[in-house]
Amino acid sequence: MSRLSNSLKALINAPAARPNTVPAPRDMKAVYAKIQQSAQANGLSQPSWVALSAATTITMNSPESLTILYDLATTTTTTTTTTTAPSQTPNSALATAELIREVSLKCISFNGIPRTINSLNAFRASLPDSITTHLTTTPTREPTPANIETIKTRGRALWDSVYRPFESKLYNRLAAAHPDLPVHILNANYGAILSDPVDVERAPGQQVGRVLTSLVAVACLRAQTGVGPQVMSHVFGLRKAVEDGSWVGDNESVGGRAAAEWLASEEGNVWILESVDAIVGAIGGVGGSNFAAAGARLHSGTVHQSAGHL
């Protein structure tokens, strides 16, 4: 196989191309801690703010920050001393690691594969042996002739929940753009990744649920920039999770009905967006998001906002 010239390697790794992951800023723990504290003040569960923070961090391509998030989520700083003590049992610390891994996987549907690869590889390498030796190693999303219809069905169910009452109208508009576009989105994303597998054994933390999946969607899209219509659609999708009752299976991961209803409220929606913005601002600095050029906006074309967006 031919080798790449030094000049070509230099071009691939040119600073303007931003070829590397983003290091954690010095004050990253304080940013996450503020989000943690506001989440607790509003009755949200730990998985809620961890999922939101992890999805934003993965979108910003900062695996080093993801490690800080995990460390904060699995330790507690007391108000009377400067020492930290474990706030979780080994099992719950493991569940937090599984949750972050599962959120990373779901980010593929919004960010693509590369940043998830960066995050998952670095995250696993940062964990202590006491955790990595117990991480799940059995895949739960392998399509087979026996489960393919189930995957399609749960993908359509999630799609309908997020986009009703425009689910069919949006599907048809996407099909007009390319006939395989909605086929891929529903089956490879909504079915295979975004909806949690059923009828298979899942480790604690792996079952993200309907509400947290919408949190992941909003966090990824907000952190990207340039996709305002899609952010709006998934904010509505979060609200619909509470309206249609599909949040009920998330009772433990969200923190109960009051927490789910607050997240779906105007105040909760503002908290979500401002929390994402705080993480983006900390990691991106004056440049803001590193996913798309600052100020970029996706032209909405013929798909009106009231009809929903991906």
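This structure is a prediction, so every number in the text was calculated from the model and none was measured.

### As for the overall build of the protein chain
Argument step 1. Within the protein chain one finds 16 helices and 2 strands.
Argument step 2. For the protein chain, the proportion of its 310 residues judged to be buried stands at 47%.

### Let's talk about helix H11 (residues 181-194)
Argument step 1. Taking 1.5 Å per residue, 14 residues should reach 20 Å; H11 reaches only 16 Å between its end C-alpha atoms and comes up short.
Argument step 2. For H11, the complete set of buried residues consists of Pro-182, Ile-185, Leu-186, Asn-189, Tyr-190, Gly-191, Ala-192, Ile-193 and Leu-194.

### Brief notes about the side chain of Thr-67
Argument step 1. Mapped onto the elements of the fold, Thr-67 is located in helix H4 (residues 63-73).
Argument step 2. Accessibility expressed as a relative area gives 19% for Thr-67, which makes it buried.
Argument step 3. A distance of 3.1 Å separates a polar atom in the side chain of Thr-67 from a polar atom in the side chain of Ser-126.

### Observations concerning the nonpolar core
Argument step 1. Trp-49, Leu-263 and Trp-271 are the most contacted members of the largest nonpolar core, which totals 74 residues.
Argument step 2. At 10 residues, helix H12 (residues 210-224) tops the list of elements feeding residues into this core.
Argument step 3. Setting aside chain neighbours within four positions, we find Trp-271 in contact with Ile-35, Ser-38, Ala-39, Leu-44, Trp-49, Leu-52, Trp-262 and Leu-263.

### Some details on the packing of helix H3 (residues 46-59) against helix H16 (residues 266-284)
Argument step 1. Interaxial distance between H3 and H16 falls to 10 Å at its minimum, and their mutual angle equals 40°. Here H3 lies oblique to H16, going by the angle between them. Note on packing geometry: the crossing formed by H3 with H16 is right-handed. On H16, the residues touching Trp-49, Leu-52, Ser-53, Thr-56 and Thr-57 of H3 are Trp-271, Ile-272, Ser-275, Val-276, Ile-279, Val-280 and Ile-283.
Argument step 2. Its residues placed into classes, the contact of H3 with H16 shows 8 nonpolar, 4 polar and no charged.

### As for the packing of helix H9 (residues 148-163) against H11
Argument step 1. H11 packs onto H9 with a crossing angle of 95° between their chain directions and a minimal axis gap of 8 Å. Relative to H11, H9 is oriented roughly perpendicular. Facing H9, whose interface residues are Ile-151, Lys-152, Arg-154, Gly-155, Arg-156, Leu-158, Trp-159, Val-162 and Tyr-163, H11 presents Ile-185, Leu-186, Asn-187, Tyr-190, Gly-191, Ala-192 and Leu-194.
Argument step 2. The residue makeup of the contact of H9 with H11, split by class, is 10 nonpolar, 3 polar and 3 charged.

### Considerations on the environment of Val-216
Argument step 1. Structurally, Val-216 can be placed in helix H12.
Argument step 2. Each C-alpha atom of the pair Val-216 and Ser-48 lies 9.5 Å from the other, and the pair is 168 residues apart in sequence.
Argument step 3. What Val-216 contacts, discounting residues up to four positions off in sequence, is Ala-51, Ala-55, Val-103, Lys-106 and Cys-107.

### Let's talk about helix H7 (residues 114-126)
Argument step 1. With 13 residues, H7 should cover 18 Å at 1.5 Å per step; its first-to-last C-alpha distance of 19 Å lies within 8% of that length.
Argument step 2. Listed in full, the buried residues belonging to H7 are Arg-115, Thr-116, Ser-119 and Phe-123. Angular distribution of buried residues about the axis of H7 spans 95°; they occupy a single face of the element. Exposed side chains of H7 directed beyond 90 degrees from the buried face belong to Pro-114, Asn-121 and Ala-125.

### Here we look at the packing of aromatic side chains
Argument step 1. Per the stated rule, a full pass over the model turns up 5 aromatic pairs.
Argument step 2. An angle of 50° between the planes, with centres 4.5 Å apart, marks the rings of Trp-159 and Tyr-163 as tilted. Separated by 4 residues within a single helix, Trp-159 and Tyr-163 lie in helix H9, roughly one turn from each other. The two residues Trp-159 and Tyr-163 agree in class, both being buried.
Argument step 3. Judged by centre distance (5.4 Å) and plane angle (75°), the rings of Trp-159 and Tyr-190 are edge-to-face.

### Points about the confidence of the model for the protein chain
Argument step 1. The share of residues in the protein chain with pLDDT of 70 or more is 89%, and the mean pLDDT across the chain is 88.
Argument step 2. Below pLDDT 50 for its whole length, residues 77-87 participates in 14 contacts with residues either more than four positions away or in separate chains.
Argument step 3. Residue range residues 294-308 is modelled with pLDDT below 50. Its contacts to residues more than four positions away, or to other chains, number 25 contacts.

Conventions and cut-offs
- Residues numbered from 1 in each chain as written.
- Predicted model: local features only at pLDDT ≥ 70, side-chain atom pairs only at ≥ 80, totals over all residues.
- Heavy atoms only, no water.
- Helix = DSSP H or I, 4+ residues; strand = E, 2+ residues; numbered from the N terminus.
- Buried < 20%, exposed > 50% of the residue type's maximum accessible area, 1.4 Å probe, protein only.
- Expected span 1.5 Å × (residues − 1).
- Polar contact = N/O pair within 3.5 Å; in protein donor to acceptor, adjacent residues only side chain to side chain.
- Core = buried A, V, L, I, M, F, W, Y, C linked by side-chain atoms within 4.5 Å.
- Contact = heavy atoms within 4.5 Å.
- Axes fitted to C-alpha atoms, helices over the stretch in contact; angles between N-to-C directions.
- Parallel < 35°, antiparallel > 145°, perpendicular 65-115°, else oblique.
- Left-handed = near helix turned anticlockwise from the far one by under 90°.
- Nonpolar A, V, L, I, M, F, W, Y, C, P; charged D, E, K, R; others polar.
- Arc of directions from axis to C-beta.
- Phe/Tyr/Trp six-rings, centres within 6.5 Å; stacked < 30°, edge-to-face > 60°.
- pLDDT = per-residue confidence, 0-100.

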